[in-house]
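# What the coordinates show
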Protein chains: 2
Amino acid sequence: MRIGELSRRSGIPLPTLKFYLREGLLPPGTLSARNQADYDDGHLRRLRLIRSLTEIGRLSLRSVKEVLDALDDPARSVHDLLGVAHHALGPPPLEKDDVVARARTEVDRYLRRRRGRVAAEAPARDVLAGALATLRRMGRPADVRVFDPYADAAERIARMEVSTIGGTTDRAWAVEQAVVGTVVFEAALVALRRLAQEHESAARFGRRRGPSRSLR
Amino acid sequence: MRIGELSRRSGIPLPTLKFYLREGLLPPGTLSARNQADYDDGHLRRLRLIRSLTEIGRLSLRSVKEVLDALDDPARSVHDLLGVAHHALGPPPLEKDDVVARARTEVDRYLRRRRGRVAAEAPARDVLAGALATLRRMGRPADVRVFDPYADAAERIARMEVSTIGGTTDRAWAVEQAVVGTVVFEAALVALRRLAQEHESAARFGRRRGPSRSLR
């Protein structure tokens, strides 16, 4: 298809497509007889992935480029790829004062104890360290094991999630699933926790309404 | 103590304190003999709560005022209070196109089925509807029950969490714990899930290194 149709079918404006081509995010089309570039379904899939990464993952174009470069490098395993995508989603490294630096050391030790193989530079390590430091600043007696019930829940969920990506050979699909899955279900998990808290709080502290009181 | 000492001990600049007094976020001090306002530990605690709400909860000052007004209203139960704080943390209501509106109806029905008492206006409902709508836009065959494992995990966690607030009579403390707990452990839960995903992905897709291969 010509670039106009690519724009129409992908819903991405022509100037944006040209920008993606110039930046190497989108591979060039094949030149047809009339010296016009011709695009195919591979280009559509690539655009869909870019869209997932930018709109759902909120990745910068620079991070998108990193993910796509990893995707196009056949030497990278699916695990490598997921790692690149994952880390691109993460917040930038934390500014580390003393409290945070100490918390980070404890988090690293904690993660080594709980499970083995997590990249040393995973941004989620900093997030945990920041959370621990905040608890301490707020005067909570926070040992790193305060994370235990959350880690248990997270491990159960991750086992289920990664098993659904299992066995794929379509690397682009795996990356898209990982990014969408991470971001969307993260939002859902957080929302469901708040709803469950509200329910529990109603059960404990709420005023009982007529019938339910008489039932107890 | 005088306002200068209040500023020093709370770490909050004098102009900010004066602003809080003007806006009614901080109750006025008692006038002492020399016609100077005198502040006490109650003011310090209130400032600490304001700080939690703005810095950790990232609440706007308008939302902070709502939470504090609820706190100062003795007719409000602890559950009411937690609800006000919780909803203040939530994202603003979603713009609802057709896909989102349909998703929201399904989410409401889903929540009724799973548990009873969640406020109809809880912002987390919109977050769930948005997540479901995104999955569908990305071409995933998403039934609302896709949330089941996350809801199971969320309910287990919330039961544990709310039980730790249980039985308190210090309303300000309860609100602070709820806000800090919600925001900080939300970040931790999300980070732990990403770390667990990375671990699972390494176990499934990663290249095995020397020794671990021979162990299998």
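Residues numbered from 1 in each chain as written. Chains lettered and ligands numbered in written order. Predicted model: local features only at pLDDT ≥ 70, side-chain atom pairs only at ≥ 80, totals over all residues. Heavy atoms only, no water.

### Comments concerning the environment of Ala158 of chain A
Inspection of the secondary structure assignment puts Ala158 of chain A in helix H8 (residues 148-165). Among the residues examined, Ala158 of chain A registers a relative accessible area of 0% and is labelled buried. Contact partners of Ala158 of chain A, with chain neighbours within four places excluded, come to Arg193, Ala196, Gln197 and Glu200 of chain B. (Helix = DSSP H or I, 4+ residues; strand = E, 2+ residues; numbered from the N terminus. Buried < 20%, exposed > 50% of the residue type's maximum accessible area, 1.4 Å probe, protein only. Contact = heavy atoms within 4.5 Å.)

### Remarks on the packing of helix H9 (residues 171-205) of chain A against helix H9 (residues 171-205) of chain B
Angle between the axes and distance between the axes are the two parameters that describe a pair of packed helices. Where H9 of chain A contacts H9 of chain B, the two axes come as close as 10 Å, and the packing angle between them is 140 degrees. Here H9 of chain A is positioned oblique relative to H9 of chain B, judged by the angle of their axes. Here the hand of the crossing between H9 of chain A and H9 of chain B comes out right-handed. When H9 of chain A is examined against H9 of chain B, the residues Gly181, Thr182, Phe185, Glu186, Leu189, Val190, Arg193, Arg194 and Gln197 of chain A are found in contact with a partner set consisting of Gly181, Thr182, Phe185, Glu186, Leu189, Val190, Arg193, Arg194 and Gln197 of chain B. Within the contact of H9 of chain A with H9 of chain B, the residues separate by chemical class into six nonpolar, six polar and six charged. (Axes fitted to C-alpha atoms, helices over the stretch in contact; angles between N-to-C directions. Parallel < 35°, antiparallel > 145°, perpendicular 65-115°, else oblique. Left-handed = near helix turned anticlockwise from the far one by under 90°. Nonpolar A, V, L, I, M, F, W, Y, C, P; charged D, E, K, R; others polar.)

### Topic: the interface of chain A and chain B
Taken residue by residue, the interface counts 79 residues in chain A and 79 residues in chain B. When the two sides are added together, the surface that chain A and chain B hide from each other amounts to roughly 7,700 Å², 66% of it contributed by carbon and sulfur. The tally of links between chain A and chain B comes to six salt bridges. We note a salt bridge from Glu186 of chain A to Arg193 of chain B, for which the minimum N-O separation is 3.8 Å. At the boundary of chain A and chain B, one finds 22 residue pairs in polar contact (both at pLDDT 80 or more). Every element with two or more residues in the side of chain A that touches chain B is listed here: helix H3 (41-56), helix H5 (78-89), helix H7 (123-137), H8 and H9 of chain A. Per-element accounting of the side of chain A that touches chain B gives the leading share, 27 residues, to H9 of chain A. (Buried area = accessible area lost by both parts, 1.4 Å probe. Salt bridge = Lys/Arg side-chain N within 4 Å of Asp/Glu carboxyl O. Polar contact = N/O pair within 3.5 Å; in protein donor to acceptor, adjacent residues only side chain to side chain.)

### Brief notes about empty space enclosed by the protein
Within the structure shown, the criterion is met by one cavity of 30 Å³ or more. Where the lining of the largest cavity is concerned, the elements lending two or more residues are H9 of chain A together with helix H5 (78-89) and helix H7 (123-137) of chain B. Taken together, the residues of the lining of the largest cavity sort by class into four nonpolar, three polar and two charged. (1 Å grid on protein atoms, 1.4 Å probe; cavity = no way out; pocket = protein on both sides within 12 Å on 5 of 7 lines; lining within 4 Å. Points joined across faces, edges and corners; volume = space filled by probe spheres on them.)

### Some details on the relation of the copies chain A and chain B
Turning chain A through 180 degrees and shifting it by 0.0 Å along the axis lays it on chain B, with an RMSD of 0.0 Å. Overall, the copies show the geometry of a two-fold rotation axis. In terms of proximity to the rotation axis, the leading residue of chain A is Ala153 of chain A, whose C-alpha is 2.9 Å off the axis. Comparing contact sets, 100% of the residues at the interface of chain A also lie at the interface in chain B, consistent with an isologous, same-surface contact. (Least-squares fit on C-alpha atoms with pLDDT ≥ 70 in both.)

### Some details on the nonpolar core
Judged by nonpolar contacts, the single largest core of 64 residues is most densely connected at Leu128, Phe147 and Leu192 of chain A together with Leu128, Phe147 and Leu192 of chain B. For this core, the elements supplying multiple residues, two or more each, are helix H6 (98-114), H7, H8 and H9 of chain A together with helix H6 (98-114), H7, helix H8 (148-165) and H9 of chain B. Here Leu128 of chain B is in contact with Ala188, Ala191, Leu192 and Leu195 of chain A together with Val107, Leu111 and Phe147 of chain B, once residues within four sequence places are set aside. (Core = buried A, V, L, I, M, F, W, Y, C linked by side-chain atoms within 4.5 Å.)

### Side note on a positive patch on the surface
The grouping of Arg156 and Arg159 of chain A together with Arg156 and Arg159 of chain B at the surface amounts to a positive patch. Breaking the positive patch down by element, the ones donating at least two residues are H8 of chain A together with H8 of chain B. The topology assignment puts Arg156 of chain B in helix H8. (Patch = residues over 30% accessible without salt bridge, like charges linked within 9 Å, V, L, I, M, F, W, Y side chains within 5 Å. Areas by Shrake-Rupley, 256 points an atom, 1.4 Å probe, with all protein chains shown as cover. Lys, Arg positive; Asp, Glu negative; His and termini not counted. Charge placed at Lys NZ, Arg CZ, Asp CG, Glu CD.)

### Observations regarding the pattern of salt bridges
Under the definition given, this model contains 36 salt bridges over all chains. When the shortest N-O distance is used, the salt bridge between Glu5 of chain A and Arg9 of chain A registers 3.8 Å. Pair noted here: Glu5 of chain A and Arg9 of chain A are both in helix H1 (residues 3-10), with a separation of four residues, about one helical turn. Overall, Glu5 of chain A belongs to the partly exposed group, its relative accessible area being 31%. Close ionic contact of Asp108 of chain B with Arg104 of chain B constitutes a salt bridge, the shortest N to O distance being 3.0 Å. Of the two residues, Asp108 of chain B and Arg104 of chain B are both situated in helix H6; the distance of four residues between them amounts to about one turn of the helix.

### Observations concerning helix H4 (residues 61-71) of chain A
Residue and element names in this part refer to chain A. Burial in H4 covers these residues: Ser63, Val64, Val67, Leu68, Ala70 and Leu71. Seen from one end, H4 has its buried residues packed into an arc of 160 degrees, which puts them on one side. Each element contacted by the buried residues of H4 is listed here: H3, H5 and H9. (Arc of directions from axis to C-beta.)

### As for unusual backbone geometry
Residues other than glycine predominantly adopt negative phi, and peptide bonds predominantly adopt the trans conformation. Residue and element names in this part refer to chain B. Here Asn35, not a glycine, exhibits a phi torsion of approximately 60 degrees, which is positive. Note on placement: Asn35 falls in the loop between strand E1 (30-31) and strand E2 (37-38). Although it is not a glycine, Arg58 sits at a positive phi angle of roughly 55 degrees.

### Quick notes on the confidence of the model for chain A
All names here are of chain A. Averaged over all residues, the pLDDT of chain A equals 84, while 92% of them reach at least 70. Taken as a whole, residues 208-216 scores under 50 in pLDDT and shows five contacts with residues more than four places along the chain or in a different chain. In the predicted assembly, ipTM is 0.79 and pTM is 0.79. (pLDDT = per-residue confidence, 0-100.)

### Overview of the packing of aromatic side chains
Under the defined criterion, the tally for this structure stands at eight aromatic pairs over all chains. With a centroid separation of 6.3 Å and an interplanar angle of 55 degrees, the aromatic rings of Phe19 of chain A and Tyr20 of chain A are classed as tilted. You can call Tyr20 of chain A buried: its relative accessible area is 9%. Taken together, Tyr110, Phe147 and Tyr150 of chain A together with Phe185 of chain B form an aromatic cluster joined through their ring pairs. (Phe/Tyr/Trp six-rings, centres within 6.5 Å; stacked < 30°, edge-to-face > 60°.)

### Quick word on the packing of H9 of chain A against H5 of chain B
Taken N-terminus to C-terminus, the directions of H9 of chain A and H5 of chain B make an angle of 165 degrees; their axes are 9 Å apart at the nearest point. Between H9 of chain A and H5 of chain B, the crossing angle belongs to the class labelled roughly antiparallel. For the crossing formed where H9 of chain A meets H5 of chain B, the hand is left-handed. Within the contact between the two elements, H9 of chain A uses Arg194, Gln197, Glu198, Ser201, Ala202 and Phe205 of chain A and H5 of chain B uses Val78, His79, Leu82, His86, His87 and Leu89 of chain B. Looking at the contact of H9 of chain A with H5 of chain B, its residues break down into five nonpolar, five polar and two charged.

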